[in-house]
Amino acid sequence: MLCTYADDRSLVEVFKLFDLIHILTTDHATVTRITKEVVEDFAAENVVYLELRTTPKRNELKGMTKRSYVEAVIEGLRRVCAVDIDFAPADIELEKRSSSCMDKASNGLTSKKIYVRLLLSIDRRETLEAAMETVKFLPSAVKLALEMRGNGVVGIDLSGNPRVGDWKTFLPALVFAREQGLRVTLHCGEARVPNQEEIHAMLDFRPERIGHACCLKEDAWSKLKSLKIPVEICLTSNIRTNTISSVDVHHFGLVPSLSKFSFGSRFNSSMSIVKLFGILIYFAADLYKLKHPMTLCTDDSGVFSTSLSKEYAIAATTFTDRTQNQLDVSYGMLTYIPTLVHIKDLGKKEMFQLARNAVDFSFAEERVITQLKKLFDIAEEELILQ
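The shown structure was predicted, so the numbers you read here are calculated from the model rather than taken from an experiment. (Residues numbered from 1 in each chain as written. Predicted model: local features only at pLDDT ≥ 70, side-chain atom pairs only at ≥ 80, totals over all residues. Heavy atoms only, no water.)

### With respect to the nonpolar core
Counting residues in each nonpolar core, the largest one holds 62 residues, and the members touching the most others are Val 39, Ile 114, Val 116, Leu 174 and Phe 252. Discounting chain neighbours no more than four positions away, the residues touching Val 39 are Leu 50, Leu 52, Leu 77, Val 80, Ile 85, Ile 114 and Val 116. Counting residues in hydrophobic clusters, the runner-up holds 9 residues, among them Tyr 115, Val 359, Ala 364 and Phe 376. (Core = buried A, V, L, I, M, F, W, Y, C linked by side-chain atoms within 4.5 Å. Buried < 20%, exposed > 50% of the residue type's maximum accessible area, 1.4 Å probe, protein only. Contact = heavy atoms within 4.5 Å.)

### Thoughts on the packing of aromatic side chains
The final tally for this structure, using the stated rule, is 3 aromatic pairs. Consider the rings of Trp 167 and Phe 205, whose centres lie 5.9 Å apart with planes at 70°: the pair is edge-to-face. Of this pair, Trp 167 sits in the loop between strand E4 (153–159) and helix H6 (171–179) while Phe 205 sits in helix H7 (residues 196–205), and the two are 38 residues apart along the sequence. Pairing Phe 352 with Phe 376 gives two aromatic rings, centres 5.4 Å apart and planes at 70°, and the pair type is edge-to-face. Of this pair, Phe 352 sits in helix H11 (residues 348–358) while Phe 376 is found in helix H12 (residues 366–382), placing the two residues 24 residues apart along the sequence. Each member of the pair, Phe 352 together with Phe 376, is buried. Sitting over the ring of Phe 205, Arg 178 keeps its end group 4.1 Å from the ring centre. (Phe/Tyr/Trp six-rings, centres within 6.5 Å; stacked < 30°, edge-to-face > 60°. Helix = DSSP H or I, 4+ residues; strand = E, 2+ residues; numbered from the N terminus. Lys NZ or Arg CZ within 6 Å of the ring centre and 35° of its normal.)

### Regarding H12
When the terminal C-alpha atoms of H12 are compared, their 25 Å separation across 17 residues agrees well with the 24 Å that a helix rising 1.5 Å per residue should span. Contacts made by the buried residues of H12 are with strand E1 (49–54), strand E3 (113–123) and H11. (Expected span 1.5 Å × (residues − 1).)

### Considerations on the pairing of strand E5 (residues 183–188)
Within E5, 5 of the 6 residues are buried, which leaves the element mostly enclosed by the surrounding structure. When E4 meets E5, the two strands line up parallel, connected through 4 bridges. Following the sheet pairing, Ile 156 is matched in E5 by Val 184. Following the backbone out of E4, through H6 and into the adjacent parallel E5, one traces a crossover that is right-handed. In the classification by handedness, the crossover that spans E5, the intervening H7 and the parallel strand E6 (residues 209–212) is right-handed. (Pairing = 2+ DSSP bridges. Right-handed = clockwise from strand over helix to strand, strands pointing away.)

### Notes on the pattern of salt bridges
One pass over the full model with this rule turns up 18 salt bridges. For Arg 53, the salt bridge is made with Asp 157, and the minimal N-O distance between the two is 3.0 Å. Of this pair, Arg 53 sits in strand E1 while Asp 157 sits in strand E4, placing them 104 residues apart in sequence. What makes Arg 53 partly exposed here is its relative accessible area of 29%. Between Lys 223 and Asp 204 there is a salt bridge whose closest N-O contact spans 3.0 Å. Residue Lys 223 is found in helix H8 (residues 218–227), and its partner Asp 204 is found in helix H7; the two are separated by 19 residues along the sequence. (Salt bridge = Lys/Arg side-chain N within 4 Å of Asp/Glu carboxyl O.)

### Here we look at the pairing of E1
Along E1, 5 of the 6 residues are buried, which leaves the element largely enclosed by surrounding structure. In terms of strand pairing, E1 meets E3 through 6 bridges, oriented parallel. Within the sheet, the bridge partner assigned to Arg 53 lies in E3 and is Leu 119.

### Details of the confidence of the model for the protein chain
Low-confidence regions, as indicated by low pLDDT, have predicted coordinates that should not be scrutinised in detail. Chain-level pLDDT for the protein chain is 75 on average; 67% of the residues reach the 70-or-more range. Mean pLDDT in the protein chain bottoms out at strand E9 (residues 279–284), which sits at 37, and peaks at strand E2 (residues 84–86), which reaches 96. Here residues 1–6 is a poorly scored stretch, pLDDT under 50, and it has 6 contacts once near neighbours within four places are set aside; other chains count. Within the model, the stretch residues 138–145 combines pLDDT values under 50 with 24 contacts to residues more than four positions away or in other chains. (pLDDT = per-residue confidence, 0-100.)

### Regarding helix H2 (residues 28–44)
Look at H2: 25 Å from first C-alpha to last across 17 residues, which is about the 24 Å you get at 1.5 Å a residue. Within the span of H2, buried status applies to Thr 30, Val 31, Thr 32, Thr 35, Val 39, Glu 40, Phe 42 and Ala 43. The N-cap of H2, judged by a side-chain oxygen 3.3 Å from the amide nitrogen of Ala 29 a few residues on, is Asp 27. Asn 46 sits one or two positions beyond H2 and adopts a positive phi of about 70°. (Polar contact = N/O pair within 3.5 Å; in protein donor to acceptor, adjacent residues only side chain to side chain.)

Here you go:
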């Protein structure tokens, strides 16, 4: 299948595309193959830790239940051969890997290693009963729920079209998941016309992470910053869905130059807006400069035609590590417009530290976090970070 991409695809259009993808991924073999390929694609760009999100699906015509769907995903993890994969706690038997992959590992044909953990997503279109089924039927076919988290499921994600449903419908399922020791992440403030009451309620729930956080008003930004809830930053996704008008006004960090701003320019609610001499002047939320906990993510890398390497490259070449204010005098309007001047791109050192910090915001168990930090320590000694 050939999937064409349009840079101006709206958020509504993206969710229509997701619906099409769901139709095409409702047999076990396809789910297994895609899972394997996704992991190997990320490993090929030297990703060492990956959290995969997927919405368990049911298809009676194909004999697929939510449980068997997740089994198919786990089977895809077992079939990863291009890289050594850790997708479950250390006490899981190695025989669960496919024999061909074990043969390659024993012959030294795999040198890289990737840690993979799963987040099961609750779609906002679902009922509470369906959401509870997602929570209760988390991992594999042999044991139930919590006993089977050994297959790599570490958390629950609430996502889907932000214009559909009420997040409070799923609160009992999210509370139940948290009580059982699962981590929770919520897509929050994703729509251009956001439900601010919902945003505040989500922040008050204090999830372990939130996704996007594009359209928060000042009081919600203040609450987010005070609670220090880590944000999953998806630069390409936010721009290509028109949630944010351009990457240089993204809430990740300050823009290279705001001098092009005019009355006709679009702005998003991740900016504070003040009036000065009758002119609207805006400042980005600037999470990076404030050292707010965050991690760069891809969203759906296939749908948005991106990779984690691309997301880091965009951040490194778009945002600055320091700024300088200048006064741009417009005699015709007798106004002063502060302009942020591009001084220096974020360098390898800053990008390396951003990736290292993300380890602390992962949902992995302590054993994996310790191993990942050791990897970063080794890499820091080998790399020239200037």
